[in-house]
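Architecture at a glance
Here is how the chains run, residue by residue.
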Amino acid sequence: MAVTVTLAFSVKLERAYEFKSLLRDLLPDTRAYEGCIRVDVYQDQGDPGYVYLAEDWQSKVHQQKHQAWRDESGIADTLGPFLAGEPRFNYFDKLED
């Protein structure tokens, strides 16, 4: 079953521009990963230190497999210097009308 995942980043404001540039470099691999349907990036208008990914995946298993691959590749070390707090994942099922 398809799943929508949001990933919220609290970014050090002085590093927000660099963080968005880093995402532009990293996200092509995510978008090409098996099971990824879509990834969009959003920045909070009222607080530009908050950056969000909205991702659609074929299943939660696909997304978690991708996240495990990212974790094994050392993504925490890459993103850590930019972050003001821990990233937060949320998983959503679409409710039919």
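Figured I'd write up the structure that's included with this text.

**Section: the overall build of the protein chain**
Helix and strand counts for the protein chain come out as three helices and four strands. Overall, the protein chain shows an N-to-C arrangement of helices and strands of β-α-β-β-α-α-β. Relative to the compact-globule value of 13 Å for 97 residues, the protein chain shows a C-alpha radius of gyration of 13 Å, a close match. The principal-axis extent of the C-alpha atoms belonging to the protein chain is close to 40 × 35 × 20 Å. Looking at the protein chain as a whole, 36% of its 97 residues qualify as buried. Relative to all contacts within the protein chain whose residues are 6 or more apart in sequence, the contacts with residues 24 or more apart total 71%. Measuring between centres, the 11 positive side-chain charges of the protein chain sit 2 Å from its 17 negative side-chain charges.

**Describing the nonpolar core**
Core analysis: the largest hydrophobic core is formed by 21 residues, its most contacted members being Phe9, Val11, Phe19 and Leu79. Elements that contribute at least two residues to this core include exactly strand E1 (3-10), helix H1 (16-32), strand E2 (36-43), strand E3 (50-57) and helix H3 (75-79). In terms of residue count, the dominant contributor to this core is H1 (six residues). Residues contacting Phe9, with those up to four places away along its chain left out, are Phe19, Gly49, Tyr50, Val51, Leu53, Leu79, Leu83 and Pro87.

**Points about the sheet that holds E3**
Ordered in space as E2-E3-E1-E4, the four strands form an open sheet in which the pairing is antiparallel. A single partner strand is all that each edge strand has here, and the edge strands are E2 and strand E4 (88-92). Recorded for the sheet is a direction-independent mean angle of 15 degrees between the axes of neighbouring strands. This element, helix H2 (residues 60-72), spans E1, E3 and E4 of the sheet and lies at about 160 degrees to E4.

**With respect to the side chain of Ser10**
Along the polypeptide, Ser10 turns up in strand E1. Since its relative accessible area comes to 19%, Ser10 is described here as buried. If near-sequence neighbours (up to four positions away) are discounted, Ser10 is found in contact with Gly49, Tyr50, Phe82, Leu83, Ala84 and Gly85.

**Some words on H1**
Over its 17 residues, H1 extends 25 Å from the first C-alpha to the last, a length consistent with the 24 Å expected when each residue adds 1.5 Å. Of all the bends in H1, the greatest, near 40 degrees, is centred on Leu26, and the proline Pro28 appears no more than four residues after it. Of the surrounding secondary structure, the elements contacted by the buried residues of H1 are E1, E2, E3, H2 and H3.

Conventions adopted
- Residues numbered from 1 in each chain as written.
- Predicted model: local features only at pLDDT ≥ 70, side-chain atom pairs only at ≥ 80, totals over all residues.
- Heavy atoms only, no water.
- Helix = DSSP H or I, 4+ residues; strand = E, 2+ residues; numbered from the N terminus.
- Rg over C-alpha atoms; globule rule 2.2 N^0.38 Å.
- Buried < 20%, exposed > 50% of the residue type's maximum accessible area, 1.4 Å probe, protein only.
- Contact = heavy atoms within 4.5 Å.
- Lys, Arg positive; Asp, Glu negative; His and termini not counted.
- Charge placed at Lys NZ, Arg CZ, Asp CG, Glu CD.
- Core = buried A, V, L, I, M, F, W, Y, C linked by side-chain atoms within 4.5 Å.
- Pairing = 2+ DSSP bridges.
- Axes fitted to C-alpha atoms, helices over the stretch in contact; angles between N-to-C directions.
- Expected span 1.5 Å × (residues − 1).
- Bend = angle between axes of the 7 residues up to and from the residue.

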